[in-house]
Amino acid sequence: MNRRDLLRAAGATAAISLVPRAAEAAWARIASGYRGTAGLTPAQRALVAGVADVILPRTDTPSATDVGVTEWVDLIVAEYDTDDVRVPFLAGLDALDAQVRAERGRAFGDLDANAQREIVGGLDDAMTLGNRGGRGQAAGSTLTPELQVRAARAAYRRLKGLVIHGYFTSQRVEREVLRVRTSFPTFQGAAEHRPGAAR
Amino acid sequence: MTRREPYDAIVVGSGITGGWAAKELTERGLRTLVLEAGPPVTKDDFVEHVRPYQMKFRGFGDPEVLRRDHPIQRECYACDEMGHKFFVNDHENPYTTPGDAPFRWFRGRQVGGRSITWGRQVYRWSDLDFEANAKDGHGNDWPVRYADIAPWYAHVERFIGVTGAVEGLPQLPDGEFLPPMEMTVVERHARDRILAAFGGERVMTIGRAAVLTRDHNGRKACHYCGPCERGCVTFSYFSSIGATLPAAHRTGRLTLRPNSVVAEVLYDPTGARVRGVRVIDAQTMQDVEFEGRVVFLCASAIESVRLLLNSKNAAFPDGLANSSGTLGKYVMDHHYGSGASGDMPGFLDKRTIGSRPNGIYIARFRNVRRAEKNFLRGYGMQGGSSRAGWGRGGSMPGYGAAFKQSLTDDLGGWRLSASGWGETLPDVRNTITLDPVVKDKWGIPAARLDVRWRENERAMDEDMQTACAEMLEAAGCTNVRTHGSSNPPGHCIHEMGGARMSRTRDEGVVNRWNQAWDVKNLFITDGAAMASSACQNPSITYMAFTARAAAYAVDAMNRGEL
């Protein structure tokens, strides 16, 4: 039994009065445009937003950026990560940005949708094949082309995880897409599976 | 120093056993003072319904708070972004260990203690457990057998409410159960396959848990929201603040004093009795003395032993009630976490609904019918099955609209996993002493813990992996992978021993009634009194011993013996 899974699976009927004040204040700051000094640069934010929306695009349900995933990644980088995680991650994003500009002549966000999917597809294939990449180097260091590729792949791997967590734990997705409930009359261990049913 | 009016009984600690002592003593007519080191907690403090998006770090935890205040506690799964408030500040509550013997001491200092965050699994012991020390010579013979405790297990079960399934296993006696929670379709399938493959010797059953599957004794049935370790506004799982302390309060004979750090049990050599306790008010730092006719130590195994060691005096220079020299020795925890997991093909048209606060349990099967392995005693296994849902997305190939749709609509395959909870042999080398230098925030000498896994535990850990993999394969799982555990002692939060129960006064600290051999009005009824650990989660056994000891104490007082 994974008790952490229980946390994720917990329901959605919390009274708003239970929102911890610290969290409420933090998200209000983020909503007003506040960003910590250790967070993403504008170029990194644009890259994160672009990649996130290729991973989870807008369909009949919201996209990653529609539910604030860029801000979530920014928060994690600025206030959660320790330096040994933050520095290589940001270096990897920079390496990916540099790679895209070198190969395509413009930033990721300025490419058309096909080109964006091609890039993300390459990174995703590399991740799936088990090439998890290195940990990158400190920002500002000079990376060899091979190290750039490895750093970019490592950053993508982590970014994908953050994007998915940020997306599926957002209020809008919990309520509108997953339709999470928190109260059940009993536990059912062998219910029929119907896609889209409330969680 | 302020002296307060005498009480009939003083209970140190307000958690699982403190609550039971309070209930039983007050209901039997004693004016009882319960002292709790931490602050009060009410159900307004519970946060089980806070959603991830209402947490700043979406459940990852506030790194600044956890690193600053809980560098040790944060290793417990329940000390997370919302639940950390139910764990002590490690800087205010230090303990020490030898450099080569790590120990994790997870603690909650608040009214309710760790009954707020406990895992709620409750299993009766059997005579396989109570006779084990006598049969293999490790530890001392218990002065009680299952028949002595069985009525008290029933007494506890009837009050707290235990969900479970009757199995008829001699090594895991059935209790008085509320209806069982459902096993998943995969668990039912695995149970049948494992029963068939191992001749009925390995039985997977639904976990037995102190969670209500129907309304019971004024508490509401579980609503299956999930994170019990953050509290429960309906008190659907047993905690002292939801059940025993309110029962004690209803008698009109309970006085509950939070923020009361008990520093010393006060001994009166003229009568060979304790006369009360010295408390440091956690907020004012002032000393206060309370007097009582009888004192129950229910502060948790390590805290109660530490308190006895800190209560040494001229009559007991090595710790109160320690004429046997065994105080602080034979400390145990369960070694746990080794096992296996695998994918279960099929069943993709089935899912679970609701978050079950419980898992499956595989009753002990080693050294039950025959001596069969290269280790003594045995282990039970706990686990469960689930489908990963969107959580699999980070490691799953794909991106784009179809990928997103699959994370939303498809739940992924089923995984089944289990891990062992193993009995630790009582060993005189596993000890609690006082650190000669380090003190806590209130100036009380800290505990020094030297507890180590040894050869028997290591051999059992190996077998947990092999046996679990065998069972998962027999159940039909694919991609079966074993996992070993590196959890140090203490990590299971089942610390026991240090003031063990014994047949004679020269081999233990308390007698068959949890009464100190040396001090007849002093009772130790938490995990400290355990003479062996068995492999079952121990809390219900502590509760049964506590209720039994309280009844004995009141009867003895009524007879004029105390």
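Residues numbered from 1 in each chain as written. Chains lettered and ligands numbered in written order. Predicted model: local features only at pLDDT ≥ 70, side-chain atom pairs only at ≥ 80, totals over all residues.

A. How the structure looks around the environment of Ala272 of chain B. Residue and element names in this part refer to chain B. With respect to the element layout, Ala272 can be found in the loop between strand 6 (260–268) and strand 7 (273–281). Classification of Ala272 by C-beta neighbours within 10 Å gives exposed; the count is 12. Placed 43 residues apart in sequence, Ala272 and Ala315 show a C-alpha to C-alpha distance of 9.0 Å. (Helix = DSSP H or I, 4+ residues; strand = E, 2+ residues; numbered from the N terminus. Buried ≥ 20, exposed ≤ 12 C-beta atoms within 10 Å, placed from the backbone.)

B. Broad picture of the confidence of the model for chain A. Residues and elements named next belong to chain A. On average, residues of chain A carry a pLDDT of 80, and 71% of them reach 70 or more. Across chain A, element-level confidence peaks in helix 3 (residues 42–55) with a mean pLDDT of 98 and bottoms out in helix 1 (residues 3–9) with 33. The model gives residues 1–22 a pLDDT under 50, and that stretch makes 49 contacts with residues more than four places away or in other chains. Predicted confidence for residues 131–141 stays below pLDDT 50, and this span has 35 contacts to residues more than four positions away or in other chains. (pLDDT = per-residue confidence, 0-100. Contact = placed C-beta atoms within 7 Å.)

C. The arrangement of helix 8 (residues 301–309) of chain B in detail. Residue and element names in this part refer to chain B. Counting buried positions along helix 8 gives 9 out of 9 residues, so the element sits mostly inside the fold. Along helix 8, the positions that sit buried rather than exposed are Ala301, Ile302, Glu303, Ser304, Val305, Arg306, Leu307, Leu308 and Leu309. Buried residues along helix 8 sit in contact with strand 2 (7–12), strand 6, strand 8 (287–297), strand 14 (431–439), strand 15 (445–450) and strand 17 (522–524).

D. Quick look at helix 6 (residues 185–197) of chain B. Residue and element names in this part refer to chain B. An ideal rise of 1.5 Å per residue puts 18 Å on 13 residues; helix 6 measures up with 18 Å between its terminal C-alpha atoms. Val185, Val186, Glu187, His189, Ala190 and Ile194 are the residues of helix 6 that are buried. Once helix 6 finishes, Gly199 follows within two positions and takes phi at roughly 60°, a positive value. (Expected span 1.5 Å × (residues − 1).)

E. Summary view of the domain arrangement of chain B. What the domain assignment lists for chain B is domain 1 (2–120 + 227–332 + 428–452 + 492–558) and domain 2 (181–207 + 335–422 + 453–483). Its residues placed into classes, the side of domain 1 of chain B that touches domain 2 of chain B shows 4 nonpolar, 1 polar and 2 charged. (Domains from an automatic or database assignment. Nonpolar A, V, L, I, M, F, W, Y, C, P; charged D, E, K, R; others polar.)

F. Local environment of the interface of chain A and chain B. With 52 residues of chain A in contact, the opposing surface of chain B contributes 54 residues. Looking at the side of chain A that touches chain B, the elements that each hand over two or more residues are helix 1, helix 2 (21–31), helix 3, helix 6 (113–128), helix 7 (145–168), helix 8 (171–177) and strand 1 (188–192) of chain A. Of the residues belonging to the side of chain A that touches chain B, the class tally is 27 nonpolar, 16 polar and 9 charged. Pairing geometry for strand 1 of chain A and strand 10 (residues 350–353) of chain B, over 3 bridges, is antiparallel. Across the sheet, Gln188 of chain A pairs through a bridge with Ile353 of chain B, a residue of strand 10 of chain B. (Pairing = 2+ DSSP bridges.)

G. Focus on the sheet that holds strand 9 (residues 335–344) of chain B. Residues and elements named next belong to chain B. An order of 4-11-12-13-9-16 is seen for the 6 strands of this open sheet, with the pairing classed as antiparallel. One side of each edge strand has no neighbouring strand; the edge strands of this open sheet are strand 4 (204–206) and strand 16 (478–483). With strand direction ignored, the average angle separating the axes of adjacent strands in the sheet is 25°. Here strand 11 (residues 360–362) runs beside strand 12 (residues 379–387); their pairing, made up of 3 bridges, is antiparallel. Within the sheet, the bridge partner assigned to Ile360 lies in strand 12 and is Gly383. On top of the sheet, helix 10 (residues 455–475) reaches strand 9, strand 12, strand 13 (414–422) and strand 16; it is set at about 20° to strand 9, its chief contact. (Axes fitted to C-alpha atoms, helices over the stretch in contact; angles between N-to-C directions.)

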